[in-house]
Amino acid sequence: MDEYCFYNGKAHWESSLQTVSMAGCFVPFAVCVISRYPYYNALKDCLSCLLTHLKLCKDFEVDDHIKEFAAKLSLIPSPPPGPLHLIFNMKPLQIVFPSRVDPESPIIDLDLHLPLLCFSPETVLQVLTCMLTEQRMVFFSSDWALLTLVAECFLVYLHPLQWQHTFVPILSGQMLDFIMAPTSFLMGCHLDHFEEVSEEADGLILINIDNGSVTCSKPLEDSVDIPDVPLLAAQTFIQRVQSLQLHQELDLAHCSSSTDLNEGHGRRHAWQQKLNGQIQQVTLQLLVNIFREVKNHLNYEHRVFNSEEFLKTRVPEDQQFYKQVLDTYMFHSFLKARLSRRMDAFAQMELSTQSEEDRINGMLISPRRPTIEKMALRGSSPLHVAHRRIVVSMPNLQDIATPEVQPRNSSLRKVDAVSCKGCSKAQNVAPKSSYTFKIPEIHFPLVTQCVDAYYTDFIELLSKAMSFLGPDSSALLARYFYLRGLIQLVQGRLLNALLDFQNLYKTDIRIFPADLVKRTVALMSAPERAKIEQTPELKRLINQVVDKPGEVAKVDDHVKNFELPKKHLQLDDFVKRVQESGIVKDTDIIHRLFDALAVGHQKQIDPETFRDFYNCWKEAEAEAQDVSLPSSVMERLDKNECVYKLSSSVKTTHGVGKIAMTQKRLFLLTEGRPGYVEISTFRNIEEVRNTTAVFLLLRIPTLKIKMVSKKEVFEANLKSECDLWHLMVKEMWAGKKLADDHKDPQYIQQALTTVLLMDAVVGTLQSSNAIYAASKLSYFDKMKNEMSVPKTTSETLKHKINPSAGETFPQAIDVLLYTPGHLDPAEKITDAHPKLWCALSEGKVVVFDASSWTIHQHCFKVGTAKLNCMVMAEQNQVWIGSEDSVIYIINVHSMSCHKQLTDHRASVVDLIVQGGEKAPSEVYSCSRDGMVLAWNVSTLRVTSRFQLPGCTLMSARLHQGCLWCCTGNSIVVVTTNGCLRQELKIEESFCEMSTSFLGFQLIPEQEQLWAACAAYSKVYFWSLQDLAQAPQRIPLQDCTEVSCMIRVKRQIWVGGRGLSQGQPKGKVYVIDTETKTVDKELVAHADAVTTLCSAEDRYVLSGSGREEGKVAIWKVE
């Protein structure tokens, strides 16, 4: 019988009658593509195209086709992170090489819904739990391809957490001994080996992809304990997965059939990209729901995680899950990222889904307690009434069978419907805009000329695409710059390549290839480097990337677990330990706590005292969590009130009950039928006294509280608690009074912290001098007379905020910027609100929502140097000038810095925009060395530049088309091209004393120049008509230093330092420019006023030095 055979793809007829020795020998061969990047779908499509060509070619052509195929792939660059995907024509398919979303994200070229087709949502949770607890896991399937794809999908589900252990998605039969490894691993085997693996190895998690089951190979008597995912997180995940549309056929039912192969391929790719995005959102939300509260138990300054306290806050049913997860390498890496404040996908989603209450809590310095609103929700929540298990425990293998996971109790969905209102569907997040760039054809034969032609075509196409982009397409432009720089680098055109890479600073610095630039410069010859350094931009680039010494040899990324001390603590060690514990961060408060606990001892705290104090504090926290108020009582309280302290049951003038303290009031929780009787708000207290009441032969300590609005005096027989309550009520009363006088809600938070520390100190010492020790903590009660606010200040002051809340020390406010709100339908509501930008030390920026004065964005950093100036250049851009000579451009929506302007060579001291209602098209920047640059806001290109000779530039103003520049020794008027028009020299006006200009303001309506000078407690003004005339002077009473000044309407506001009641204070002087008199003298801060800014001419905001570090909001009249 004849047989039909193939030699290298060519058919041959062979006779079966021939001897074996005469028969041909047929050996299959394979083509394997090895890539650094996981382009699974793209490379599969490429191999499919290759197979189509090989089937049609002759035997002698096979090698050439494979070489051409390999050459094509090797010439295709990987796209940089961002919105640009690359397309290559492999015939007959157009192959898409997708980019990663951002530099922190993985490349995803997978069908992420494959595991959701193979497993139920509950089983997916089981697998993810096994990965989070770092089990020894083996995937099985009869389809080799599914092993890698499904395992890779699960790794993507965990992002930004990363699997830290061995990962071998496919094991051959000869490699099965790998599964005997004692450490955690994730491997894959063919289903034929299921029985062998399950018999030979113990404690393995066996995941059958084909039937969607998860089992364990351990014998029944010693089962592997795989915990369940926390209930609410699991419910939300299951519902959102069930809402996903996993079948493209349903999505395309309304569409016409595609008659073009590439059109159908494109439809499939677009659908898959959208679905992948939804799945990533669902899995990321699962991780956020599981680990959201980890941040409440972190101390960033000392990089400490208090795992014990975190576990105590978990419900009993979830503790086993968290105990296992907290011990993993994966979670340890996760903690490192949190403590480094990495703004990865987890942090971004955690921030975007943060509740308003959590945002407000971020500003509080007092310990957290459950609010009345949370108490009400907790009492009515089915999750609080009855905790149900969400994931079925994994069965053990019995007779090598792989039983199906039992169906979930149908009643679970009823609980879901009640507890997860509105969160059952997957988040319908609008996909980010993406673009494609088609790579040019590669011509063969593959000789030098053809490769050069390919590179030339590539650069021409990129340059052409760049020429069509508008100014709003900087993200796309950055990707073109990156690709063009890459191609030019391969061509050996180093100068052009580095120029393209340098342009990434202005378009998107996140994708700047620093390592590639370093290697390129290192390989340059001396003549090549000298030639490149002739270009100023590249000289700066090389200096920054290559020659600049490293800031730190290695970033400190350790993580410590909180431990109680084992030896005596001096003050510095005590401060560190208390901060690590999470009890309180403020160093001044901790110093007072040290004095309190060290009463009667040498100035040190023994470990037993610290342990007792820590336990007292944590017991009080636990008791506060268990406080349960009747609904009739909760109705009488504000939703954001918290019960901070409850007394024992005592006799009072309103009956028997427990006295409760919130941040706002005292009330009596009556016994018998629990009821509410208000004692007083702290604002309404007139007097607090502790006395004694006579009962038979006993004198019972009694607390008396007299109210402003009531004649009757409240009296409570507090007995042994009387002295402590007397201290606490007086501190809260004083804190509330000062909070009202200073318009600073932080004072009441600080008073709360103090009274809770008093309570813990008394509980710790339990001795006759415990009350005396607790009194050492008193602050506001002692300072209330010294912190009085003058009437004018109180009437003008509207509010105070603290950008340093939660920090160990206050930080000086270097610059303030107010940006108005904009009604843009494309923006989130919170993005449309007005904002206050506060620049703190070392490049830190905190952003407040100016409509509510709550934190909009916690601290982010731009560089590490002091920030000197800020300006809003566009509705979506804030420019920040730094001491390190860089201008940082902040996207106001993402609150991130992706662009930098690096043309200055010295500190950037001022940024100027043209005033008016229209968005500015040009920004002027000034550096200390006298360089002035004009920038086109859209293109970020320098349109003009000039140098002020021989001067130190301090600030500038734009007036009537000219720049007025303060150089310290003079005020110079120049055109925007740098031509000198006028100059006011300081020695001409101040002959009797050496001084310099600190700053100036122009009053166009009155044609006047106002200025302040060093070492003078006066403000001077000149007529613009004749600057040669001597200036007029306005003295500032009790002023010792002027630091800043701004113009608001027809007023000049001057900030500095002066005396108030004999004490140095930060002061603001408001001068009427028409009458030339000081209208108001405002005692603004405890430290000097460092900066001023205006909010729409309705308010003025002042920032203070590091002794106080607060921002005051003043009303403009």
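Values in this document were obtained by computation on a predicted structure and should not be read as measured data.

(A) View of the overall build of the protein chain. A tally of regular secondary structure across the protein chain gives 34 helices and 48 strands. Contacts in the protein chain between residues at least 24 apart in sequence constitute 56% of all its contacts with a sequence separation of at least 6. Total accessible area on the protein chain stands at roughly 52,300 Å², and carbon and sulfur atoms take up 51% of it.

(B) Spotlight on the packing of aromatic side chains. Scanning all chains against the criterion turns up 30 aromatic pairs. Judged by centre distance (5.7 Å) and plane angle (40°), the rings of Phe291 and Phe331 are tilted. Linking Phe291 in helix α9 (residues 261-291) with Phe331 in helix α12 (residues 329-339), this pair joins segments that are 40 residues apart in sequence. Side by side, Phe291 and Phe331 carry an identical accessibility label, which is buried. Here the aromatic residues Phe291, Phe305, Phe310, Phe321, Tyr322, Phe331, Phe334 and Phe346 are joined through ring pairs into a cluster of three or more. If you follow Arg341 out to its NZ or CZ, it ends over the ring of Tyr300, 3.9 Å from the centre. Over the aromatic face of Phe1000 sits the side chain of Arg957, whose NZ or CZ is 5.7 Å from the ring centroid.

(C) Looking closely at unusual backbone geometry. At the junction of Lys91 and Pro92, the peptide bond is cis and its omega measures out at 10° in the coordinates. By secondary structure assignment, the location of Pro92 is in the loop between β3 (84-89) and β4 (94-97). The residue after His159, namely Pro160, is reached through a cis peptide bond having omega 10°. Structurally, Pro160 can be placed in the loop between α5 (144-157) and β6 (166-168). A positive phi angle, close to 55°, is found at Arg303, a residue other than glycine. Topologically, Arg303 is positioned in the loop between β10 (298-299) and β11 (304-305). Residue Arg303 is classed as buried on the basis of its relative accessible area of 8%.

(D) Structural context of the pairing of strand β31 (residues 922-927). In terms of burial, β31 is largely enclosed, as five of its six residues are buried. As paired strands, strand β30 (residues 908-913) and β31 are joined by five bridges and run antiparallel to one another. Residue pairing in the sheet places Asp910 in a bridge with Cys926 of β31.

(E) Expanded view of helix α1 (residues 40-56). End to end, α1 covers 25 Å across 17 residues, agreeing with the expected 24 Å (1.5 Å per residue, within 8%). When we look at burial in α1, the residues that qualify are Ala42, Leu43, Asp45, Cys46, Cys49, Leu50 and Leu54. On its buried face, α1 is in contact with α2 (62-74), β4 and α9.

(F) Quick peek at helix α13 (residues 345-352). For α13, the complete set of buried residues consists of Phe346, Ala347, Met349 and Glu350. Buried residues of α13 fall within an arc of 170° about the axis and therefore sit on the same side. Looking at the packing, one finds that the buried side of α13 touches α9 and α12.

(G) Expanded view of a negative patch on the surface. Together, Glu195, Glu196, Glu199 and Glu200 make up a negatively charged patch on the protein surface. Topologically, Glu200 is positioned in helix α6 (residues 194-200).

(H) Region of interest: the side chain of Gln248. Within the secondary structure, Gln248 sits in helix α8 (residues 248-251). Among the polar contacts made by the side chain of Gln248, one reaches the side chain of Arg268 at a distance of 3.5 Å.

(I) Quick peek at the packing of helix α29 (residues 722-742) against helix α30 (residues 746-765). Their axes nearest at 8 Å, the elements α29 and α30 cross at an angle of 170°. In terms of orientation, α29 lies roughly antiparallel with respect to α30. On α30, the residues touching Leu724, Leu727, Met728, Glu731, Met732, Gly735, Lys736, Leu738, Ala739 and His742 of α29 are Tyr747, Ile748, Ala751, Leu752, Thr754, Val755, Met758, Asp759 and Val762. Looking at the contact of α29 with α30 residue by residue, the class counts come to 13 nonpolar, three polar and three charged.

(J) Geometry of the packing of helix α26 (residues 587-597) against α30. The contact between α26 and α30 brings their axes to 11 Å, and the two run at 20°. One element, α26, and the other, α30, form an angle in the roughly parallel class. Relative to α30, the crossing made by α26 is right-handed. Within the contact between the two elements, α26 uses Ile589, Arg592, Leu593, Ala596 and Leu597 and α30 uses Gln750, Thr753, Thr754, Leu757, Val761, Thr764 and Leu765.

(K) Region of the structure containing the confidence of the model for the protein chain. Averaged over all residues, the pLDDT of the protein chain equals 85, while 88% of them reach at least 70. The model gives residues 1-20 a pLDDT under 50, and that stretch makes 27 contacts with residues more than four places away or in other chains. Across residues 382-423, confidence stays below pLDDT 50; counting only partners more than four residues off in sequence or on other chains, it has 86 contacts.

(L) A look at the sheet that holds strand β23 (residues 835-839). As summarised here, the arrangement of the four strands in space is β22-β23-β24-β25, forming an open sheet in which the pairing is antiparallel. Two strands lie at the open edges of the sheet, namely β22 (815-819) and β25 (854-861), each paired on one side alone. Neighbour to neighbour, the strand axes of the sheet diverge by 15° on average, direction disregarded. Of the strand pairs in this sheet, strand β24 (residues 844-849) and β25 are connected by five bridges, and their pairing is antiparallel. Residue pairing across strands places Lys844 opposite Lys861, the latter belonging to β25.

(M) Summary view of the side chain of Glu152. Relative to the helices and strands, Glu152 is located in helix α5. Arg100 provides the closest opposite charge to the buried, unpaired Glu152, separated from it by 12 Å. Apart from the residues within four sequence positions on either side, Glu152 is in contact with Tyr40, Leu110 and Phe167.

(N) Just the environment of Met872, in detail. Along the chain, Met872 falls in strand β26 (residues 867-874). Each C-alpha atom, one on Met872 and one on Pro920, is 9.0 Å from the other, the two residues being 48 residues apart in sequence.

(O) How the structure looks around the pattern of salt bridges. This structure, assessed with the given rule, holds 39 salt bridges. Put simply, Glu641 and Arg665 hold a salt bridge, and the shortest N to O gap is 2.8 Å. Here Glu641, found in the loop between α28 (631-634) and β14 (645-652), pairs with Arg665, found in strand β16 (residues 665-670); they are 24 residues apart in sequence, far enough to count as distant. A salt bridge links Glu1081 to Lys1067; the nearest nitrogen and oxygen atoms lie 2.1 Å apart. Note that Glu1081 is positioned in strand β45 (residues 1077-1085) and Lys1067 in strand β44 (residues 1063-1072), a separation of 14 residues in sequence. Taking relative accessible area as the criterion, Lys1067 reaches 1% and is therefore assigned buried.

(P) Region of the structure containing the pairing of strand β8 (residues 205-208). Along β8, one buried face is formed by Ile205 and Ile207 and the opposite face, lined by Leu206 and Asn208, is buried too. Of the pairings in the sheet, the one linking strand β5 (residues 136-141) to β8 comprises four bridges and is parallel in character. By the bridge assignment for β8, Phe139 is matched with Ile207. Sheet topology note: the β8/strand β9 (residues 213-216) ladder contains four bridges and is antiparallel. Among the inter-strand pairings, Ile207 is bridged to a residue of β9, identified as Val214. Turn length for the β8-β9 hairpin, with the two strands adjacent in sequence and antiparallel, is four residues, and the turn residue Gly212 shows positive phi of about 70°.

(Q) Fine view of the sheet that holds β6. Judged by pairing direction, the sheet is mixed, and its five strands sit side by side in the order β6-β7-β5-β8-β9 without closing on themselves. The strands lining the two open edges of the sheet, one partner per strand, are β6 and β9. The mean angle between the axes of side-by-side strands here comes to 20°, regardless of whether they run parallel or antiparallel. Where β6 meets strand β7 (residues 185-190), three bridges bridge the pair, whose relative direction is parallel. Residue Phe167 lies in a different strand from β7, and its bridge partner there is Leu186. In this fold helix α4 (residues 121-132) packs onto β5, β7, β8 and β9, with an angle of close to 140° to the strand it touches most, β5. On top of the sheet, α5 reaches β5, β6 and β7; it is set at about 140° to β5, its chief contact.

The rules behind the values
Residues numbered from 1 in each chain as written. Predicted model: local features only at pLDDT ≥ 70, side-chain atom pairs only at ≥ 80, totals over all residues. Heavy atoms only, no water. Helix = DSSP H or I, 4+ residues; strand = E, 2+ residues; numbered from the N terminus. Contact = heavy atoms within 4.5 Å. Areas by Shrake-Rupley, 256 points an atom, 1.4 Å probe, with all protein chains shown as cover. Phe/Tyr/Trp six-rings, centres within 6.5 Å; stacked < 30°, edge-to-face > 60°. Buried < 20%, exposed > 50% of the residue type's maximum accessible area, 1.4 Å probe, protein only. Lys NZ or Arg CZ within 6 Å of the ring centre and 35° of its normal. Pairing = 2+ DSSP bridges. Expected span 1.5 Å × (residues − 1). Arc of directions from axis to C-beta. Patch = residues over 30% accessible without salt bridge, like charges linked within 9 Å, V, L, I, M, F, W, Y side chains within 5 Å. Salt bridge = Lys/Arg side-chain N within 4 Å of Asp/Glu carboxyl O. Lys, Arg positive; Asp, Glu negative; His and termini not counted. Charge placed at Lys NZ, Arg CZ, Asp CG, Glu CD. Polar contact = N/O pair within 3.5 Å; in protein donor to acceptor, adjacent residues only side chain to side chain. Axes fitted to C-alpha atoms, helices over the stretch in contact; angles between N-to-C directions. Parallel < 35°, antiparallel > 145°, perpendicular 65-115°, else oblique. Nonpolar A, V, L, I, M, F, W, Y, C, P; charged D, E, K, R; others polar. Left-handed = near helix turned anticlockwise from the far one by under 90°. pLDDT = per-residue confidence, 0-100.

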